[in-house]
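Commentary on secondary and tertiary structure
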Amino acid sequence: MAGRINDDDVKAVRDAVPIDAVVSEYLQLRNAGGGNLKGLCPFHEEKSPSFQVSPSKGLFHCFGCQEGGDTIAFVMKIDHLSFSETVERLAAKAGITLRYEEGGYNPSHQRGERIRLIEAHQAAAEFYVRALESPEAEIGRTFLAERGFDQDAAAHFRVGYSPAGWDHLTRYLRGKGFSDKELITSGLSQDGRRGPIDRFRGRLMWPISDTAGDIVGFGARKLRDDDNGPKYLNTPETPIYKKSQVLYGIDLAKKDIAKASRAVVVEGYTDVMACHLAGVTTAIATCGTAFGNDHIKILRRLLMDNGSARVIFTFDGDSAGQKAALRAFEDDQKFAAETYIAIAPDGMDPCDLRLVKGDDAVRDLVEPRTPLFEFALRQIVGRYDLETPAGRAAALDEAAAVVAKIKTSSVQREVAVQLAGLVGILDQEFVVRRVAQLAHWARNKGGDQGDRGGRGGSQGRGPRGGTPQQTAPAPAFSGPALNLRSPAHRTERELLKLALQRPALVSPAFDAYGVDEFTAPPYAAVRRCIEEAGGAEQGIADDRAYLGAVLDAAPDNTVRSLVTELAVEVFIGKTIDETYAGVQLVHVRLRAVDRRIADVQSSLTRLGSNVAPHELAAAQSEVWVLQQYAQNLRVHGAAAL
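Residues numbered from 1 in each chain as written. Predicted model: local features only at pLDDT ≥ 70, side-chain atom pairs only at ≥ 80, totals over all residues. Heavy atoms only, no water.

1. Concerning the side chain of Thr 235
By the element assignment, Thr 235 lies in the loop between β13 (232-234) and α10 (250-260). Given the relative accessible area of 5%, Thr 235 is considered buried. For Thr 235, the side chain forms a polar contact with the main-chain nitrogen of Phe 218, separated by 2.8 Å. Among residues more than four places away in sequence, those in contact with Thr 235 are Ser 186, Phe 200, Gly 217, Phe 218 and Tyr 241. (Helix = DSSP H or I, 4+ residues; strand = E, 2+ residues; numbered from the N terminus. Buried < 20%, exposed > 50% of the residue type's maximum accessible area, 1.4 Å probe, protein only. Polar contact = N/O pair within 3.5 Å; in protein donor to acceptor, adjacent residues only side chain to side chain. Contact = heavy atoms within 4.5 Å.)

Okay, structure coming up:
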């Protein structure tokens, strides 16, 4: 895999690709005043535009759904890409060659190789699609028709056919200018006695795309009895194809998965086709491997860790399908989504179900019914004789260890109570205590230090936009909600907007302000981010790098969203100059001084005659100094800071 992209190159990409140009590819923008642009938000339904873009800052923010960030963040969200995938795509648009760290390879060569391999796969897909129309491919067309897929369905999913000869595709791609080395590396060809030959011959072909829609591999289904190969043959591991990191149909399903907060995981290519044609357009499948960690990461990016999200597994009802369900349950806690299992009557897969009972039956199948944890526990408990004390004890031991892995204590308790009923133990509290004890032991052994914040908890994202962290971040702030009718909150907001948008007007005075001078907890959190980014003075030389550092310092998405909001919001005043900035600086400082005076006087009043003489003198001296400072601020304004 690629190493970490060089920070300077990431900055160069941010600076080189205007955010308004990128956003305009997805929605119409018009003037919003103050140098900003506005349009209808692509991330939530709205009738009037609340989505704003600041070309000068390189940021966007939606005042309706609170999504915000820079160009990279926008492309990541709208196209459901990882951080590195997004930077590489934008770099290609800007003509920037990326440098990689810790990768162990020549990045310019690697990147050029990826483009060539993807181009080879695209050419191969077109070749296979045309070959499906040939007389030789009649057997493939019959296979599809017998499963309910007509010509339009094959075209929609770009299903093709690989001719039965030794090197039809190899010769075709050579004619397109691809070298033998590229063909071998791509996995489309393999070494033969006299040179490269086609890897796939006489098979029905399904192209496998990544989340960006680039074809990176193929799945090939055996059609003839004299084919001695496996029933399904997939592309081998290549620089662009990792079977544990791809999901068939993800390019077609990703937008609907994100929109509906729901994904349906099926077992095969024809099952994905059947689901989509039946109206279940969130269906995807693994490619010759079990559903695992990397697949979860892909879905989490699409589902956005929404607490109302659903993942439905449709495994076959046979023993292999049950084992697959149990493997999926082992990773269940890595989802923020709720997970369910759906098994069709008579053990039919979605493709057979659609063929026998129609589209309605497929749509009905994937309606969430049985939670995955319940199915898994029933499978475990079902292996024991519950009529005997020994059988019940053995069933409890195995199942309790599974329940103990549930991170959220309330959910863990609820499932433990259900387990007591499944095993037939009347003392529910005994089972609850047993599960809690196993969970405690696992934590003490360091066996489970993951997210203890719960299934629906906030999942943090690193500043580079990479893999979601497994530990829920501590809340960035607590306290009463913002009240913009409050003069104090309005002034603090204006001052933070100045510090983010016009730092030269408030520096260096702003950087001497303490976090406690901001009475609204959310604003105090933003002030802390600015402090950790080196202060507002950093924004005078390079405002984009400064804003990036402030965003990187945000502890969670809530604070990050508030930063982008303040960075693009227009000011209340009509003339934004040093005088306006000075008024905001003075008002925030003056209120902080007045609060301190009130606190000291209140303490003296509560203590009364119990205060020691030296403490009384010190307090009175502090009050006098603060009162003089407050008077100077009122008379001289910003000059007294």
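From this point on, the discussion continues.
2. As for helix α6 (residues 138-146)
Listed as buried for α6 are Gly 140, Phe 143 and Leu 144. Along α6, the residues classed as buried sweep out an arc of 95° about the axis, all on the same side. Turned more than 90 degrees from where α6 packs its buried face, Ala 145 and Glu 146 sit exposed. Elements in contact with the buried residues of α6: α7 (151-156), β11 (203-209), β12 (215-222) and α11 (269-277). (Arc of directions from axis to C-beta.)

3. Considerations on helix α8 (residues 168-175)
Leu 169, Thr 170 and Leu 173 are the residues of α8 that are buried. End-on view of α8: buried residues confined to an arc of 100°, all on one side of the axis. Just downstream of α8 lies Gly 177, where phi reads positive at about 100°.

4. Focus on the pattern of salt bridges
When their charged atoms lie close together, side chains carrying opposite charge are able to pair. Taken as a whole, this structure holds 29 salt bridges when the rule is applied. Residue Arg 141 is joined to Glu 138 by a salt bridge in which the shortest nitrogen-to-oxygen separation is 2.7 Å. Remark: Glu 138 and Arg 141 occur in helix α6; sequence separation between them is 3 residues, near one turn of the helix. Judged by its relative accessible area of 28%, Arg 141 is partly exposed. Through salt bridges with shared partners, one network takes in Arg 493, Glu 494, Lys 497, Glu 565 and Glu 569. (Salt bridge = Lys/Arg side-chain N within 4 Å of Asp/Glu carboxyl O.)

5. Remarks on the nonpolar core
Leu 144, Val 159, Leu 204, Trp 206 and Tyr 248 are the most contacted members of the largest nonpolar core, which has 45 residues in total. Top contributing element to this core by residue count: α11, with 5 residues. Ranked by size, the runner-up nonpolar core spans 39 residues in total, among them Tyr 523, Ala 554, Ala 581 and Leu 585. (Core = buried A, V, L, I, M, F, W, Y, C linked by side-chain atoms within 4.5 Å.)

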